[in-house]
Amino acid sequence: MNADPMINSEVNTKSSDKSLEAMRHFSEQYAKRTGTYFCTESSVTAVVIEGLAKHKDELGAPLCPCRHYEDKEAEVSAAYWNCPCVPMRERKECHCMLFLTSDNEFACERQDISLETIKEVRESMG
Ligand code: SF4
């Protein structure tokens, strides 16, 4: 973990391997537990997992990466948007398209994604 939040919040920083693997594992387990599926476009899944991992590095919690926050620290404390967020836990609503119900037109049959795939997508996006 980097102690300097200015460095961590830069757009081009990458998540640590430890957090990336933790969030990859969490996503697979949570999809299986809730009977939800990943997106047919694996880059979507990869980008969301990378975003969660970066927040875990920066903030100590996997704050949802698909929203804008005025104050990220306050949002982490509020916990509503810590993944899995309240809408997901209550209604299986994931606006990031990480966890999709089987009736969603973008859902595929996969509940797993490799670290390699995530890193490939990350590299391709610079
Ligand atoms: S919308 Fe909710 S469940 Fe989906 S990635 Fe964001 S925090 Fe996680």
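The coordinates are above.
Report follows, based on the coordinates. This is a predicted model, so every value here is computed, not measured.

### A word on the overall build of the chain
The number of helices and strands found in the chain is 6 helices and 0 strands. Listed by position from the N terminus, the elements making up the chain come as α-α-α-α-α-α. For 126 residues, the compact-globule estimate of 2.2 N^0.38 gives 14 Å, and the C-alpha radius of gyration of the chain, at 14 Å, lies within 12% of that figure. Judged by the C-alpha coordinates and their principal axes, the chain covers about 40 × 30 × 20 Å. Put simply, the chain has 126 residues, and 42% of those count as buried. Here the contacts in the chain between residues at least 6 apart in sequence split such that 66% fall between residues at least 24 apart. Seen as two clouds, the 15 positive and the 22 negative side-chain charges of the chain have centres 4 Å apart.

### Side note on the nonpolar core
I49, L98 and F99 are the most contacted members of the largest nonpolar core, which has 28 residues in total. When residues of this core are traced back to their parent elements, those giving at least two are helix 2 (17-34), helix 3 (42-59) and helix 6 (115-124). In terms of residue count, the dominant contributor to this core is helix 3 (6 residues).

### Thoughts on the site of the ligand
The environment of the ligand is made up of V48, C64, C83, C85, M88, C94, H95, C96 and F99. Broken down by class, the residue content of the shell around the ligand amounts to 8 nonpolar, 1 polar and no charged.

### Section: the packing of helix 2 against helix 3
The description of two packed helices rests on the angle between their axes and on the distance between the axes. Interhelical geometry of helix 2 versus helix 3 gives an angle of 125 degrees and a closest axis separation of 8 Å. Looking at the two axes, helix 2 sits oblique to helix 3. For the pair helix 2 and helix 3, the sense of crossing is right-handed. Between helix 2 and helix 3, the contacting residues are S19, L20, A22, M23, R24 and S27 on the first element and I49, E50, L52, A53, K56 and D57 on the second. Here the contact of helix 2 with helix 3 is composed, by residue class, of 6 nonpolar, 2 polar and 4 charged.

### So, the state of the cysteines
Applying the stated criterion across every chain yields a total of 1 disulfide. Between C66 and C96 runs a disulfide, and the two sulfur atoms are separated by 2.1 Å. Here C66 and C96 share a disulfide; its torsion about the S-S bond, 135 degrees, makes the bridge right-handed. Here C66 is found in the loop between helix 3 and helix 4 (72-78), whereas its partner C96 is found in the loop between helix 5 (86-91) and helix 6, with 30 residues between them in sequence. The class for C66 is partly exposed, based on a relative accessible area of 36%.

### What about the packing of helix 2 against helix 6?
Interhelical geometry of helix 2 versus helix 6 gives an angle of 120 degrees and a closest axis separation of 10 Å. Considering their axes alone, helix 2 and helix 6 lie oblique with respect to each other. The two elements helix 2 and helix 6 cross, and the hand of that crossing is right-handed. Mapping the contact onto sequence places D17, L20, E21 and R24 in helix 2 and L115, I118, K119 and R122 in helix 6. Looking at the contact of helix 2 with helix 6 residue by residue, the classes come out as 3 nonpolar, no polar and 5 charged.

Rules used throughout
- Residues numbered from 1 in each chain as written.
- Predicted model: local features only at pLDDT ≥ 70, side-chain atom pairs only at ≥ 80, totals over all residues.
- Heavy atoms only, no water.
- Helix = DSSP H or I, 4+ residues; strand = E, 2+ residues; numbered from the N terminus.
- Rg over C-alpha atoms; globule rule 2.2 N^0.38 Å.
- Buried < 20%, exposed > 50% of the residue type's maximum accessible area, 1.4 Å probe, protein only.
- Contact = heavy atoms within 4.5 Å.
- Lys, Arg positive; Asp, Glu negative; His and termini not counted.
- Charge placed at Lys NZ, Arg CZ, Asp CG, Glu CD.
- Core = buried A, V, L, I, M, F, W, Y, C linked by side-chain atoms within 4.5 Å.
- Near = heavy atom within 4 Å.
- Nonpolar A, V, L, I, M, F, W, Y, C, P; charged D, E, K, R; others polar.
- Axes fitted to C-alpha atoms, helices over the stretch in contact; angles between N-to-C directions.
- Parallel < 35°, antiparallel > 145°, perpendicular 65-115°, else oblique.
- Left-handed = near helix turned anticlockwise from the far one by under 90°.
- Disulfide = S-S within 2.5 Å.

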